[in-house]
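Each chain is listed here by its residues.
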There are 2 protein chains.
Amino acid sequence: MSSHYTITQLAQEFDVTTRTIRFYEDQGLLNPTRNGQMRVYSPRDRVRLKLVLRGKRLGFSLSEIREMLDMYDAEPGESGQLELFLAKINERRGLLQQQRHDIELTLKELDDIEAQCRAQLTKVKVS
Amino acid sequence: MSSHYTITQLAQEFDVTTRTIRFYEDQGLLNPTRNGQMRVYSPRDRVRLKLVLRGKRLGFSLSEIREMLDMYDAEPGESGQLELFLAKINERRGLLQQQRHDIELTLKELDDIEAQCRAQLTKVKVS
DNA sequence: GCTTACGTTTACGTAAACGTCAACCCTCAC
DNA sequence: GTGAGGGTTGACGTTTACGTAAACGTAAGC
């Protein structure tokens, strides 16, 4: 639970290259401070990196991920902004639910395939 | 429930371009027959296209999707092959479960954000 | 004082997944 | 027979998400 991290620490912890981390900074996803010219990452940066990687596992593009990160630390704005923001949230929720549905379908199909496969296996072993 | 489809029919039904469909054929994901030089898609092709698009929504690459498609119509092989195949299935299942977990986390966080947002909204309206 | 290890910037390279022409072929209604 | 609306094959362009190499700074250890 350190209060700051070097780039290689983060790279090792999350199994990405330093290049990748720097690239994410270029894209405005991370904002490390500097000690001289060296990057210093705060726990907040670490969390954001974790969120970025989670987004990637879900197949979102970096710009979509940026949108989501922006949601996490959005300044509470005026009413109109908030309504619009709620809409964005719902849109993303819809996407995620669609994905979850797709996953359920695929998992079921994998079960079917495995069952057939196991049936075949015992058949082969018996013969 | 037609017995065959043209490329534009499929393109319209699934909201992709014909270019995309032809590209998937180049990648060996679809195998339409020909009437003269025109492509003719069978219901099987249609299902495969649907599976491809589902895979895309889950963020899988086309080569990963090809692997999954291969699973669907794998010839029941010999015992060793089958064991290996079962391993592949489990690997993919693991990925999907990880994704599902990621989705659950993200959905929860969206709920939190929305709650905060709504709280802010009533606050703004009251003041 | 030299190497080694880690960091930096700059910049060009690349693989994936298409988009976007161009140039061509059918065929069918007018 | 012509032109409009479908289809076809190249082939080059584009975006995203980094990889990779060059050229350099800095602090640690011998």
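Residues numbered from 1 in each chain as written. Chains lettered and ligands numbered in written order. Predicted model: local features only at pLDDT ≥ 70, side-chain atom pairs only at ≥ 80, totals over all residues. Heavy atoms only, no water.

Participant: Explain the overall build of chain A residue by residue, including any values.
Facilitator: When its secondary structure is counted, chain A shows five helices and two strands. Computed over its C-alpha atoms, the radius of gyration of chain A comes to 21 Å, more than 25% above the 14 Å expected for a compact globule of 127 residues. Dimensions along the principal axes, computed over C-alpha positions, put chain A at roughly 70 × 40 × 25 Å. Every one of the 127 residues in chain A was classed for burial, and the buried ones make up 37%. Relative to all contacts within chain A whose residues are 6 or more apart in sequence, the contacts with residues 24 or more apart total 50%. By element, 51% of the accessible surface of chain A is carried by carbon and sulfur atoms, the whole surface being about 7,600 Å². Chain A carries 20 positive and 19 negative side-chain charges, and their two centres are separated by 6 Å. (Helix = DSSP H or I, 4+ residues; strand = E, 2+ residues; numbered from the N terminus. Rg over C-alpha atoms; globule rule 2.2 N^0.38 Å. Buried < 20%, exposed > 50% of the residue type's maximum accessible area, 1.4 Å probe, protein only. Contact = heavy atoms within 4.5 Å. Areas by Shrake-Rupley, 256 points an atom, 1.4 Å probe, with all protein chains shown as cover. Lys, Arg positive; Asp, Glu negative; His and termini not counted. Charge placed at Lys NZ, Arg CZ, Asp CG, Glu CD.)

Participant: How would you explain the domain arrangement of chain A if you had to name every residue and give the values?
Facilitator: Its domain assignment divides chain A into domain 1 (1–60) and domain 2 (74–127). Once you take the C-alpha centre of each, domain 1 of chain A and domain 2 of chain A turn out to be 27 Å apart. (Domains from an automatic or database assignment.)

Participant: Any details on the pattern of salt bridges? Residues and values, ideally.
Facilitator: Tallied over the entire structure, the rule returns 24 salt bridges over all chains. One salt bridge connects R100 of chain B with E104 of chain A, and the closest N-O pair in it is separated by 3.1 Å. Here R100 of chain B, found in helix α5 (residues 79–126), pairs with E104 of chain A, found in helix α5 (residues 79–126), and the two come from separate chains. Judged by relative accessible area, which is 25%, R100 of chain B ranks as partly exposed. Exposure remark for E104 of chain A: the relative accessible area of 29% places this residue in the partly exposed category. Of the charged contacts, one joins D73 of chain B and R44 of chain B as a salt bridge, the two residues approaching to 2.5 Å between their closest N and O atoms. (Salt bridge = Lys/Arg side-chain N within 4 Å of Asp/Glu carboxyl O.)

Participant: Could you give an account of the protein's contact with DNA strand D, naming the residues involved and the relevant values?
Facilitator: Around DNA strand D, a shell composed of 17 residues is seen, among which T17 and Y24 of chain A together with T8, R22 and R39 of chain B lie nearest. Counted by atom, the contact set of DNA strand D within 4 Å of the protein is 70% sugar and phosphate. Y24 of chain A places a polar side-chain atom, nitrogen or oxygen, 2.7 Å from a phosphate oxygen of DNA strand D. Between DNA strand D and R34 of chain B, the relevant distance is 3.0 Å, taken from a phosphate oxygen to a side-chain nitrogen or oxygen of the residue. Elements represented by at least two residues in the surface near DNA strand D include exactly α2 (18–26) of chain A together with α1 (7–14), α2 (18–26) and β2 (38–40) of chain B. The greatest single-element share of the surface near DNA strand D, amounting to four residues, is contributed by α2 of chain A. (Near = heavy atom within 4 Å. Polar contact = N/O pair within 3.5 Å; in protein donor to acceptor, adjacent residues only side chain to side chain.)

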